[in-house]
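Here are the chains, one letter per residue:
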Amino acid sequence: MTMANREAILEVRNLSKVYKVYPKPSDLARELVTGRCCHQESWALQDVSFDLHRGEILGVIGSNGAGKSTLLRIIAGVLDQTSGQVSVKGQVSAILGLGTSFNPEHSGRENVRLALMYAGMSSREVEDKINEVVAFSELDSVIDNPVKTYSSGMHARLTFSTAIAVRNEVLLIDEALAAGDAYFTAKCLRYLHEICQDSNTSALLVSHSMRTLVHLCDRALYLRKGRLVMQGLIRDVVNSYEKAVLGFDEELLHAQQSLVKDTPLSPKGPFSILRTYTKSNGEVSPVLFVGERAEVVIEYESQTAFDDVWVGLELYSHLEGNFVSTLHNKACRVGDLRKPCEMTVHIVKGRGILTFKCDPLLYGPGLYFYHFSLFTRECVDGKRMEYADAILHQRYVGQFRVKHRDSLYFEKIQIVEPPLEVTSGEL
Amino acid sequence: MERDFTGDSKVGQPNRVIAVPESLFGSLYGLLTLHRELLWELVKRELSDRYAGQWLGALWVVAHPLLMMAVYVFIFAYVLQVRMDESRAMSGDYTTYILSGLIPWLAFQEAMNRSCGAVLSQASLVKQMVFPVEVLPIKVVLAACVTPMIAFAVLGTYVFATKQAVPASYAFLPLLFFIQLVGMVGVGFLLSAVSVYFRDLKEIVQVFGVIGAFFMPVFYLPDWVPSVLQPFLYLNPFSYFIWCYQDLLFFGRVEHWWAWVVAPVFSSALLYLGYRTFRTLKTMFANVL
C-alpha cells in the first residue's frame, strides 16, 4: 500500500478528551459558585494521533467505552476536545446514531428533505437528490408514512442513504450498518467501497464486525480505554484486538491445556468429557496452521461401551459467532456428496480418547470454538438428530486458533472440507 | 473549507481557544445567507408542528395574542377605568397606549420562553447531526415573530377604526421591529446556550416574562411612578424599546429621542453577547445533553 504517499485529508494530533462527571446536576452549580472541584474526571480519549488519507476507509476497532464514538463526534465537530488538534480538509458528514434525529411525526421523505438541508443543500439540490436517496434506501412503499411507523432497520436504511447522498469529503460512520438487514448492509458496504475508490471520499468506519472491517479497510485504529494502542494494517490490528478482547493468550492457553482437570468438563452421565486440546503436526498446541496437519482431541469417560456412534464437532467462528462446519465421522467427501465416507467409531468403556484429524487443515485464520455431540447409530439412521436425543450434546467444549504459517494472508477463507479421520482409542 | 481547533494540553484544565473569526457579525451574516432556505423550512415546520394535531390548529397563532391583549385592555381600560391625558397623542386612546407597549413585550416574552428549549429539545439532533446549531435559536425567534405581526395588524385596524386614519409614523414600524428582532435573536442565542447548562433558566425566564410587563412603562406613564422608583424604569433596557414603539404607534412623533439611541445599541450588544456566548458554548453542548 502506498498510503503514505497520499494526501492526508484528516489529521488528528494528540487528541484528548476528558468528560467531567458530576454525580448530581447541582454539583456543577456548586463548583461554579464555590470554585471547589465537585466532579470526577473520565478520560474518553488520551493523546490520539492519526491521519486519514484521501480515498481511504480507515477502520476503528475497540470494545464498548473505548472512545470510538467520542472520537467521531469530535471529528464531526459536535463535541469539543480537551486538548489536541483536528484538521479536516473538506466537509464532514456523519452517521453518529440511527435516525434518532428524525422527527417521528413527519414522513420519511420530509425527514430526508430536512436532513439534506441541514447538510447545507439548497432546496433545488434537495429536489434533485431526494429521489436518489429514496431509491437507494428502497423504501418507496413507506417513504410517505410517518417515521414513527418505521422499524429500526428502516431507520438505518434512511439514515445511511441520506448520509451518503451528501457526498462530502469525509464520511464518519458509527455502527450505522449494524441494524440493517444482511442485504442492505452488503449493498451499503459495496457502495462505500465504490465511492471511496472512484471519488475522493474518505471514511472512518467504527464497527464491531471484524469481517466487515477486513473486507473494506486496509488500515485500522485500535482504541483501548481512550488510548490508541495500535494503528496499522487491518490484519495486524484485528489480530491483536482478538487476542486482547477474547483473552486469547497463547502461553496462557498452553498452560491451561497442559493441566488435567480434576473435575470433568461435563456432568456425570453415560458419557462425559474430561478435557479437550488440539495438536498441530502431532504436538499439543492451541495454534493450528492452515494447510498443515491438525487434530482436535477429546478425552472422555464413558459408563458403557458404544459401537458405531456418530460423533461431531460443530465449529463456530469466535468473532462473528457464525457456524462454520461440522467435523464428524459420517462426513461426505467433497466432490461426491452422495457417497458418505463411513467411519466406524467405537467408544470404549472407561476412559478413552477421540481424535478429529484434519490433514491438511483448510480453515481460514481466526479463532474457533466448538460444540460436541454424540449420537447413537439409530438416531442418525432415523434422521432424528436433535440435540434432545443425543447421548451427549455439550456447548463450548474448547477453542483453537488457526494461523497462516507465513502470516502473509489474512483474508478468511472457508473451504468446507470434512476432516477426514476420526479415531477412537484407549486413554 | 478548513476547520481547525486548537487547545492547550494542560491536563484536566480545558483552556480552549476557539477560533472566533475576525468579524463575528460577518460570520453570522454568512450563516444566514448560506442557510436561508433551511431557516425558512425550519420556521414553517416550527409553526405547523406547534399546532399540528390540534382542533383549532393555526387559529391559535392568532387567538393566543388576541386573548392576551384583550385581557390586559379589559382590566386596565374598562375595569380599572384608567384615564390619561390623550391630547398629546396623535393616534389613539389608552387602549392604543397599552397595546403599543404590550405587543413588543409579548414578542420578547415568547422569543425568550421558546429560546430556552431551542437547543435542549433538539438534543439528539445536536449530538448526531453535523449542521450549524445556530439555526435552532434563530428559527425559534423567527417563528415567534408571527404573533406580534398579527397583533400589530390588529392594532392598526383598531386605530383606523377609531380615528379613521393611521399616522404616517406607522411606516417606520418594520424598521423598529427589525431592531427588536436583532435583540431577540441575541437573547435567543444567549438563553438557548445557557439553558443547556442551567436548566432552571426556563422557569426564571417565564416568571420574568410575566412580571416584566409591570416593570416597564406599558400600562402607565413614567410620571405616574413614585420618583424613588423611576430610576429603575430607566435602568431597564427594555423600557427604551417600549418608548420607541409608543413614539411610533401612540404619539406619532419622536417623544423619547434618547430611546432611539439606546434601543439599537442595546439590540446590537445583545446580539454580540448572545452570539459570542453561543459560539463559545456550542461545541460543549454534547457534553451535557
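Here the structure is a predicted model, which means the values were calculated and not measured.

Trainee: Can you walk me through the overall build of chain B in this structure?
Mentor: The number of helices and strands found in chain B is 13 helices and 2 strands. Considering only contacts in chain B between residues 6 or more positions apart, those separated by 24 or more positions represent 76%.

Trainee: Is there a simple way to think about the overall build of chain A in this case?
Mentor: The secondary structure content of chain A amounts to 10 helices and 21 strands. Expressed as a percentage of its 427 residues, the buried residues of chain A come to 39%. For chain A, contacts bridging at least 24 residues in sequence account for 71% of all contacts bridging at least 6.

Trainee: Just checking my understanding: could you explain the nonpolar core for this structure?
Mentor: For soluble globular proteins, the rule of thumb is that nonpolar side chains tend to be buried together. All names here are of chain A. Ranked by internal contacts, the top residues of the largest apolar core, which has 147 residues, are V60, I75, L172, L205 and A220. The contact partners of L172, leaving out residues within four places of it in the chain, are L72, I75, A76, V92, A94, I95 and L204. Listed in part, the 28 residues of the second largest apolar core include L288, L354, L361 and V402.

Trainee: Is there a simple way to think about the confidence of the model for chain A in this case?
Mentor: Close reading of the predicted structure is inappropriate where its pLDDT is low. Residue and element names in this part refer to chain A. When pLDDT is averaged across chain A, the result is 78; 81% of the residues are at 70 or more. Segment residues 258–263: pLDDT under 50, and 3 contacts once partners within four positions in sequence are set aside and those in other chains are kept. Counting contacts from residues 407–416, a segment whose pLDDT is below 50, to residues more than four positions away or on other chains yields 13 contacts.

Trainee: Got a minute to help me understand the pairing of strand β20 (residues 392–403) of chain A in this structure?
Mentor: Residues in a regular strand point their side chains to alternate faces of the sheet. Of the pairings in the sheet, the one linking strand β12 (residues 287–289) of chain A to β20(A) comprises 3 bridges and is parallel in character. Its bridge partner lying in β20(A), A:L288 is registered against A:V402.

Trainee: How do you make sense of the confidence of the model for chain B when you look at a structure like this?
Mentor: All names here are of chain B. On average, residues of chain B carry a pLDDT of 83, and 88% of them reach 70 or more. Every residue in residues 1–21 is under pLDDT 50, and counting partners more than four places away or in other chains gives 35 contacts. Among the prediction metrics, the complex's ipTM stands at 0.78, with pTM recorded as 0.73.

Trainee: Please explain the pairing of strand β19 (residues 366–375) of chain A as it appears in this structure.
Mentor: Residue and element names in this part refer to chain A. Burial analysis of β19 places 7 of its 10 residues in the buried class, which makes it a mostly covered element. Bridge count between strand β14 (residues 310–317) and β19: 8 bridges; the pairing is antiparallel. What sits directly across from L315, in β19, is Y370. In this structure, β19 lies alongside β20, joined through 8 bridges in antiparallel fashion. From the neighbouring strand, Y368 faces β20, where its bridge partner is F400.

Trainee: So what exactly am I meant to see when it comes to the packing of helix α4 (residues 123–137) of chain A against helix α5 (residues 152–165) of chain A here?
Mentor: A pair of packed helices can be characterised by two numbers: the angle between their axes and the separation between those axes. Residues and elements named next belong to chain A. Two elements in contact, α4 and α5, have axes separated by 9 Å at closest approach and are oriented at 140°. Comparing the axis directions of α4 and α5 gives the class oblique. Remark: the crossing between α4 and α5 carries right-handed chirality. Residues K129, E132, V133, F136 and S137 of α4 form the contact with α5, whose participating residues are R157, L158, S161, T162 and A165. The residue inventory of the contact of α4 with α5, partitioned by class, reads 4 nonpolar, 3 polar and 3 charged.

Trainee: I tried to follow helix α3 (residues 59–79) of chain B on my own but got confused; where do I start?
Mentor: Note: α-helices contain 3.6 residues per turn, so residues at a spacing of three or four share the same orientation. Its 21 residues place the ends of α3(B) 28 Å apart at the C-alpha level, agreeing with the 30 Å of an ideal helix rising 1.5 Å per residue. Directly after α3(B), the chain includes B:Q81, whose backbone phi takes a positive value near 55°.

Trainee: Hey, could you run me through unusual backbone geometry in this one?
Mentor: Excluding glycine, most residues fall at negative phi; most peptide bonds, likewise, are trans. Residue and element names in this part refer to chain A. A positive phi angle is found at D47, which is not glycine, with a value near 55°. Note that D47 resides in strand β2 (residues 40–53). On the basis of neighbour counts, which here come to 15 C-beta atoms within 10 Å, the residue D47 falls in the partly exposed class. At E138, a position not held by glycine, the phi torsion is positive, near 55°.

Trainee: Got a minute to help me understand the packing of helix α4 (residues 94–116) of chain B against helix α6 (residues 135–143) of chain B in this structure?
Mentor: All names here are of chain B. Where α4 meets α6, the closest approach of the two axes is 9 Å, and the angle between their N-to-C directions is 145°. For the pair α4 and α6, the crossing hand works out as right-handed. Here A111, R114 and S115 of α4 come into contact with α6, specifically with P137, V140 and V141. Broken down by class, the residue content of the contact of α4 with α6 amounts to 4 nonpolar, 1 polar and 1 charged.

Trainee: Help me understand the environment of B:Y158 in this model?
Mentor: All names here are of chain B. The residue Y158 is located in helix α7 (residues 146–163) in this model. Overall, the presence of 17 C-beta atoms within 10 Å leaves Y158 in the partly exposed class. The spatial distance from the C-alpha of Y158 to the C-alpha of L270 is 33 Å, given a sequence separation of 112 residues.

Trainee: Explanation requested: the environment of B:S100 in the structure shown.
Mentor: Residue and element names in this part refer to chain B. For S100, the position within the fold is in helix α4. Among the residues examined, S100 registers 27 C-beta atoms within 10 Å and is labelled buried. For S100 and V254, which are 154 residues apart along the polypeptide, the C-alpha to C-alpha distance reads 14 Å. Residues contacting S100, with those up to four places away along its chain left out, are L155, Y245, Q246, L249 and F250.

Analysis parameters
- Residues numbered from 1 in each chain as written.
- Chains lettered and ligands numbered in written order.
- Predicted model: local features only at pLDDT ≥ 70, side-chain atom pairs only at ≥ 80, totals over all residues.
- Helix = DSSP H or I, 4+ residues; strand = E, 2+ residues; numbered from the N terminus.
- Contact = placed C-beta atoms within 7 Å.
- Buried ≥ 20, exposed ≤ 12 C-beta atoms within 10 Å, placed from the backbone.
- Core = buried A, V, L, I, M, F, W, Y, C linked by C-beta atoms within 7 Å.
- pLDDT = per-residue confidence, 0-100.
- Pairing = 2+ DSSP bridges.
- Axes fitted to C-alpha atoms, helices over the stretch in contact; angles between N-to-C directions.
- Parallel < 35°, antiparallel > 145°, perpendicular 65-115°, else oblique.
- Left-handed = near helix turned anticlockwise from the far one by under 90°.
- Nonpolar A, V, L, I, M, F, W, Y, C, P; charged D, E, K, R; others polar.
- Expected span 1.5 Å × (residues − 1).

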